[in-house]
Amino acid sequence: MTNARIALVTGANQGLGFALVEGLAARMDRRDLVLLTGRDAHRVAGAVARVNASAAAVSRVEGRVLDVSDAGAVRELAAELGARHGGVDIVVSNASVTLTPERPQSEQADAFIDVANGGTHAVLRSFGPMVRPGGRLIVVASSLGTLGHLDTRLHPLFDGSPLDEVERVIESWRAAVHAGAERELGWPRWINVPSKVAQVAAVRAVAAERRDADLARDTLVAAVCPGLVDTALSRPWFTDFSQAQTPAQAAVAILHLLLRDKVDPAHYGELVRFGEVLPWLAGRPPRHQERLLNS
């Protein structure tokens, strides 16, 4: 086991994930290791080369090809890092798939859910036990991940549910989307909303089981909302980017959460945006997006 810190960021070829890798590489020590992962080997190699060429980079940056929708591959990487380094210190689950309003949501549901939700579950299950004392396990979500963005009929499905139950709900919702029955059951047409709520619910489920032990070891499990970021993921859905952040700007608050000396217990198991907790019951169903999808 080494004294070097090990950080892992999934979905880090571009956008926010890449900015987080850049920030970690600039702020961690020379002996530390930052792992940048993505599904495409060529893009991973290119991203690693760009970070390592930066004058700001201090710690080592290496790439790994990883499809987070493959739970077996996530387990293998966690086992590898456990064997080589004795665990990990920072894990950021950031992988995502672009949604477009031009295609039916049902055609995009499987790929999106497999990465955003299946990937989140795989990272939580495989890397949760690998996080060392003082570590950070973060899932990048959205302010849409608060329960209030769903019809109240759906709240009991996620509120206080263990991870196994969250996974069952996701599969039931997926089936409803493919059957065209989601609206009658109360699900919004825009699949990003239930997906984000389920991501935060998964974090809350894992955190509920480990809160006392983690806080005693100064370890954080949380979800984060980076705010509106001008990326290829957000461009199809929003028209006003006058207040949007660049990925580098959005990374600042998340990096502070990852690298601060002590965990704030108020952040544990919660959805955090710019250092503030977004209440689990906040929000309302996004009617403006419903109109967009129905137009």
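Throughout what follows, the structure given in this document is the object of discussion.

Here's the deal with the sheet that holds strand E4 (residues 88–93)
- Read across the open sheet, the eight strands follow the order E3-E2-E1-E4-E5-E6-E7-E8; overall the sheet is mixed. Edge positions in the sheet fall to strand E3 (60–65) and strand E8 (276–278), since each of these pairs with one other strand and no more. The sheet shows a mean angle of 25° between the axes of neighbouring strands, taken without regard to direction.
- Pairing of strand E1 (residues 6–9) with strand E2 (residues 33–38), which is carried by four bridges, proceeds in the parallel orientation. Residue Leu 8 lies in a different strand from E2, and its bridge partner there is Leu 35.

Looking at the packing of aromatic side chains
- The final tally for this structure, using the stated rule, is two aromatic pairs.
- Measuring from ring centre to ring centre gives 6.1 Å for Phe 158 and Trp 187, while their planes differ by 75°; the resulting arrangement is edge-to-face. Of this pair, Phe 158 sits in helix H5 (residues 155–158) while Trp 187 sits in the loop between helix H6 (163–179) and helix H7 (192–216); the two residues are 29 residues apart in sequence, bridging distant segments of the chain.
- Note on Trp 187: relative accessible area 5%, which makes it buried.
- When the centroid spacing of 5.8 Å and the interplanar angle of 40° are considered together, the rings of Trp 173 and Trp 187 count as tilted. With Trp 173 in helix H6 and Trp 187 in the loop between H6 and H7, the pair connects residues that are 14 residues apart, well separated along the chain.
- Since its relative accessible area comes to 0%, Trp 173 is described here as buried.
- Members of the aromatic cluster, connected to one another through ring pairs, are Phe 158, Trp 173 and Trp 187.

What to know about the packing of helix H1 (residues 15–27) against helix H8 (residues 247–259)
- Interaxial distance between H1 and H8 falls to 8 Å at its minimum, and their mutual angle equals 55°. Taken together, H1 and H8 sit at an angle that is classed as oblique. Considering only the axes of H1 and H8, their crossing is right-handed. Residue-level inspection shows Gly 15, Leu 16, Ala 19, Leu 20, Gly 23, Leu 24 and Arg 27 of H1 in contact with H8, the latter providing Pro 247, Ala 248, Ala 250, Ala 251, Ile 254, Leu 255, Leu 258 and Leu 259.
- When grouped by side-chain class, the residues that make up the contact of H1 with H8 number twelve nonpolar, two polar and one charged.

A look at the pairing of E1
- Burial of the side chains of E1 extends over both faces: Ile 6 and Leu 8 are buried on one face and Ala 7 and Val 9 on the other.
- Note: E1 against E4, three bridges, orientation parallel. Bridging from a neighbouring strand, Leu 8 pairs with Val 91 of E4.

The rules we used
- Residues numbered from 1 in each chain as written.
- Predicted model: local features only at pLDDT ≥ 70, side-chain atom pairs only at ≥ 80, totals over all residues.
- Heavy atoms only, no water.
- Pairing = 2+ DSSP bridges.
- Helix = DSSP H or I, 4+ residues; strand = E, 2+ residues; numbered from the N terminus.
- Axes fitted to C-alpha atoms, helices over the stretch in contact; angles between N-to-C directions.
- Phe/Tyr/Trp six-rings, centres within 6.5 Å; stacked < 30°, edge-to-face > 60°.
- Buried < 20%, exposed > 50% of the residue type's maximum accessible area, 1.4 Å probe, protein only.
- Parallel < 35°, antiparallel > 145°, perpendicular 65-115°, else oblique.
- Left-handed = near helix turned anticlockwise from the far one by under 90°.
- Contact = heavy atoms within 4.5 Å.
- Nonpolar A, V, L, I, M, F, W, Y, C, P; charged D, E, K, R; others polar.

Read these as layout, nothing more, since geometry by itself doesn't imply function.
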